[in-house]
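Understanding the architecture of this molecule
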Amino acid sequence: MSTAIGMTTGARNGALDLGVAVGQVRTQMRTQMRTGHTRLHLTRRGRVVFTTLAAIPLAAVALALALNGGIAAAEGANNVATNSGAVTVADVATVFDYVTIQSGQSLWQLAETIAPTSDPRDVIAEIVSLNQLPSENVQPGQRLALPVRF
């Protein structure tokens, strides 16, 4: 099915070819209309708009699940800990013992004092983690929270 117009020398043949081409286009359009097969052409802007509109609800659902999932996980952890007899987050805040570092005192000496039967390296690691210290170096007068089990 060619829609090209033939290059002829006579005007009559050119008009005839044009009429055939137009007739073919009309036949093709009727076929598409009858069968319902029309082609949708989206521009680049249309694709961007369509993708954005589809992504907004997905992003909102993901954000809601992330926020509510974190809250539910924290609440679930508190409920499980309470039911099992373990210490909850609220209890930990009130149970800490605090110690003030004296002049010449190191974390190693503090660890040996508060937990003589435990490995001082483990105790130091817990103290550093609990107090979010950048290193194991401490200054005189610095106040440190001690882990619950010591």
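It should be noted that the structure appears before, not after, this text.
Here's what I pulled together on the structure shown here.

Criteria and thresholds
Residues numbered from 1 in each chain as written. Predicted model: local features only at pLDDT ≥ 70, side-chain atom pairs only at ≥ 80, totals over all residues. Heavy atoms only, no water. Core = buried A, V, L, I, M, F, W, Y, C linked by side-chain atoms within 4.5 Å. Buried < 20%, exposed > 50% of the residue type's maximum accessible area, 1.4 Å probe, protein only. Helix = DSSP H or I, 4+ residues; strand = E, 2+ residues; numbered from the N terminus. Patch = residues over 30% accessible without salt bridge, like charges linked within 9 Å, V, L, I, M, F, W, Y side chains within 5 Å. Areas by Shrake-Rupley, 256 points an atom, 1.4 Å probe, with all protein chains shown as cover. Salt bridge = Lys/Arg side-chain N within 4 Å of Asp/Glu carboxyl O. Phe/Tyr/Trp six-rings, centres within 6.5 Å; stacked < 30°, edge-to-face > 60°. Lys NZ or Arg CZ within 6 Å of the ring centre and 35° of its normal. Contact = heavy atoms within 4.5 Å.

Notes on the nonpolar core
- Counting 13 residues, the largest nonpolar core has L107, L110, I127, L133, V138 and L144 as the members making the most contacts within it.
- Counting only elements with at least two residues in this core, the list comes to α4 (107-114), α5 (120-131) and β2 (143-146).
- If one sorts the elements of this core by residue count, α5 sits on top with four residues.

Let's talk about a nonpolar patch on the surface
- A contiguous nonpolar surface patch, about 360 Å² in accessible area, is contributed by L40, L42 and F50.
- Mapping F50 onto the fold places it in helix α2 (residues 44-84).

What to know about the pattern of salt bridges
- According to the stated counting rule, one finds one salt bridge in the structure shown.
- In this structure, R121 engages D119 in a salt bridge whose closest nitrogen and oxygen atoms are separated by 3.1 Å.
- Residue classification places R121 among the exposed positions, given a relative accessible area of 55%.
- D119 sits in the partly exposed class, given a relative accessible area of 27%.

Remarks on the packing of aromatic side chains
- Counted according to the given criterion, the structure contains zero aromatic pairs.
- The ring of Y98 is capped by R143, whose NZ or CZ atom sits 4.1 Å from the centre of that ring.

Details of unusual backbone geometry
- Notably, Q132 is not glycine yet its phi reads approximately 50°, a positive angle.
- Considering the arrangement of structural elements, one finds Q132 in the loop between α5 and β2.
- A relative accessible area of 70% places Q132 in the exposed class.

Considering the environment of V99
- As for its position among the elements, V99 is in strand β1 (residues 97-100).
- Put simply, V99 and Q142 are 43 residues apart on the chain and 8.3 Å apart in space, counted from C-alpha to C-alpha.
- Beyond its immediate chain neighbours, meaning those up to four positions away, V99 contacts L110, Q142, R143, L144 and L146.

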